[in-house]
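# Coordinate inspection notes
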Amino acid sequence: MTDTKTSNAMWGGRFAAGPDAIMEAINASIDFDKRLAAQDIEASRAHAAMLAAQGIITDSDAAAIREGLLTVLSEIESGTFPFSRALEDIHMNVEARLKQLIGEPAGRLHTARSRNDQVATDFRLWVRGQCDAAIVGLGALMQALLGQAEAGKDLVMPGFTHLQTAQPVTWGHHMMAYVEMFARDRARFTDARARMNECPLGAAALAGTSFPIDRAATAEALGFDRPMANSLDAVSDRDFALEFLSSASLCATHLSRFAEELVIWSSAQFRFVILSDRFSTGSSIMPQKKNPDAAELIRAKVGRINGALVGLLTVMKGLPLAYSKDMQEDKEQVFDAADSLMLALAAMSGMVGDMKPNTPALRAAAGSGFSTATDLADWLVRALGLPFREAHHVTGALVKMAEDKGVDLPDLSLEEMRSVHPDIVAEVFDVLGVDNSVSSRASYGGTAPVQVEAQILRWKDMLK
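Residues numbered from 1 in each chain as written. Predicted model: local features only at pLDDT ≥ 70, side-chain atom pairs only at ≥ 80, totals over all residues. Heavy atoms only, no water.

### So, the overall build of the protein
Where we set the bar: Secondary structure follows DSSP: runs of H or I at least 4 residues long count as helices, runs of E at least 2 residues long count as strands, and numbering of each begins at the N terminus. Only C-alpha atoms enter the radius of gyration, while the globule expectation follows 2.2 Å times N to the 0.38, with N the number of residues. For the exposure calls, accessible area comes from a 1.4 Å probe over protein chains only, and a residue counts as buried if that area is under 20% of its type's maximum, exposed if over 50%, partly exposed in between.
A count of helices and strands for the protein gives 18 helices and 6 strands. Taken over the C-alpha trace, the protein has a radius of gyration of 31 Å; the compact-globule value for 464 residues is 23 Å, which it surpasses by more than 25%. The principal-axis extents of the C-alpha atoms in the protein amount to approximately 100 × 50 × 40 Å. Within the protein, the fraction of its 464 residues that count as buried is 49%.

Written out as structure tokens, the structure is:
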């Protein structure tokens, strides 16, 4: 092979001299796109088989290519493959090694294709696999949340708005809220996967090819639903990667919100939940500390994932058709975002599976902050026929009375309540307990244990 300092054997015929060292450094992508090795070899094997089936190359050449590519894959998987930055990318590294192994037939592999459709295919295969991994990871997290919900469907806790005590809810209801969120995330990855499942291979550089290829055959061999219908579009766009990143950003946002709650709940001020030692760390100076570091790191991962989305959107926003070298900047941020997301999903699944709700602390907090005030207002409407706005006013006056006396609503006497509204009767106390409150919220999607149990059963069936 010609020395790459004077020429590159893959594309050097047009050039009298090799690239400057700085040009080589900025141009090379092998340091990161070697992650596409398995996809590159899979697509090349499908391409070679199609070329032989179409009579474009001989069966013997196709067989040599197939066996040679398997050898290359084995070397890569065993860590013995000699990656070269001088060969720029994973495609040229594989092809160069294939030529060393099988000689002349290796040069026929690139018939009727370009690195443009090659990389679009490899990257699409890789991102499709990450969608599959995210779907599996989200399923595991949803199962862990269902386990928590089922164990705590009757456990009362405070529900918050503005991080102020609002109304009592059940632990199971809170867990099921995240099941719904992560289910939508899973659906987004599923939708994105369906849209990206079209094959760019055969688009060649940008205009298709004059060879009689069978694009449907390669698409089927690679598990795609169909070939992409426009060769310019096939090599030009990275919307499949952007859609993956968009789905990942939304998922990471949900993970971050839950992580924030776990950080708050595990603090000494709240004591709502006990996180396991497996997902906590200590302090180098304060021996009493048990820090929720896994939750904090999950909370931070959304920054990297959102950054990847904005980064790739910015790369793509001004590019004319078809391929531009700018698009080499599409991979590192997607790789990093996918790694961050999968790690966050695994860590959150572990934390959720291990965490233990602090039942006494949750129950005590559920009844604090006049959390059953809305139940009192609703009772005034139902029992006394007051318009809700008047009931709201009466309840507010009773809350003010209890606050001034330093007690909670159930601690007021009937006489004190009647001083605000004379028609209040003793049955009012039946609605002021937190258990009565949550049980009464039996509308569809409500916090009542009977509703939570119904949702748990629905999701168990859906996740089978």
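### Some words on unusual backbone geometry
With omega at 10°, the peptide bond leading from leucine 321 into alanine 322 counts as cis. Within the fold, alanine 322 resides in the loop between helix H11 (293–316) and helix H12 (331–354). The backbone phi angle of arginine 271 is positive, close to 55°, even though this residue is not glycine. Along the polypeptide, arginine 271 turns up in the loop between helix H10 (239–265) and strand S5 (273–274).

### Topic: helix H13 (residues 359–366)
Test applied: Each direction from the helix axis to a C-beta atom contributes to the arc, which is the arc of those directions. Pairs of residues are marked as contacts when any of their non-hydrogen atoms sit within 4.5 Å.
The set of residues buried in H13 consists of Ala361, Leu362, Ala365 and Ala366. Buried residues of H13, viewed axially, fall in a sector of 135°; they line one side. In H13, the exposed positions that point more than 90 degrees away from the buried face belong to Pro360 and Ala364. Of the surrounding secondary structure, the elements contacted by the buried residues of H13 are strand S1 (156–161), strand S2 (164–170), helix H7 (171–196), strand S6 (356–357) and helix H17 (434–440).

### Some points on the nonpolar core
Keep this limit in mind: In these notes, a set of buried Ala, Val, Leu, Ile, Met, Phe, Trp, Tyr and Cys residues joined through side-chain atoms within 4.5 Å is what counts as a nonpolar core.
Membership of the largest hydrophobic core comes to 97 residues, with the highest contact counts inside it found for Phe189, Leu255, Phe258 and Met348. In terms of residue count, H10 provides more of this core than any other element does, 14 residues in total. Setting aside residues no more than four positions away along its own chain, leucine 255 makes contact with Leu141, Phe182, Ile298, Leu341, Ala344, Leu345 and Met348. Counting residues in each nonpolar core, the second largest holds 20 residues, with Trp379, Val394, Leu409 and Ile424 among its members.

### With respect to the pattern of salt bridges
Put simply, the rule is: For this document, the term salt bridge refers to a Lys or Arg side-chain nitrogen within 4 Å of an Asp or Glu carboxyl oxygen.
Taken as a whole and assessed by the stated rule, the structure comprises 24 salt bridges. The partner of lysine 331 in a salt bridge is aspartate 330, with the nearest N and O atoms 2.8 Å apart. Accessibility classification places lysine 331 together with aspartate 330 in one group, the buried group. A salt bridge links aspartate 378 to arginine 441; the shortest N-O distance between them is 3.3 Å. With aspartate 378 in helix H14 (residues 373–384) and arginine 441 in the loop between H17 and helix H18 (449–462), the pair connects residues that are 63 residues apart, well separated along the chain. Salt bridges sharing common partners tie together Asp61, Glu104 and Arg108.

### Observations concerning the layout of surface pockets
In plain terms, the rule: Of the grid points, spaced at 1 Å and generated over the protein atoms alone, those admitting a 1.4 Å probe that cannot get out make up cavities, while open sets with protein on both sides within 12 Å along at least five of seven lines make up pockets; any residue with an atom within 4 Å of a point is treated as lining. Grid points are joined across faces, edges and corners, and a volume is the space filled by probe spheres set on the points.
Taken as a whole, the largest pocket encloses approximately 540 Å³ of empty space. Forming the walls of the largest pocket are 22 residues, and the residues nearest its centre are Gly159, Phe160, Thr161, His174 and Glu261. Those elements that place two or more of their residues in the lining of the largest pocket are S1, S2, H7 and H10.

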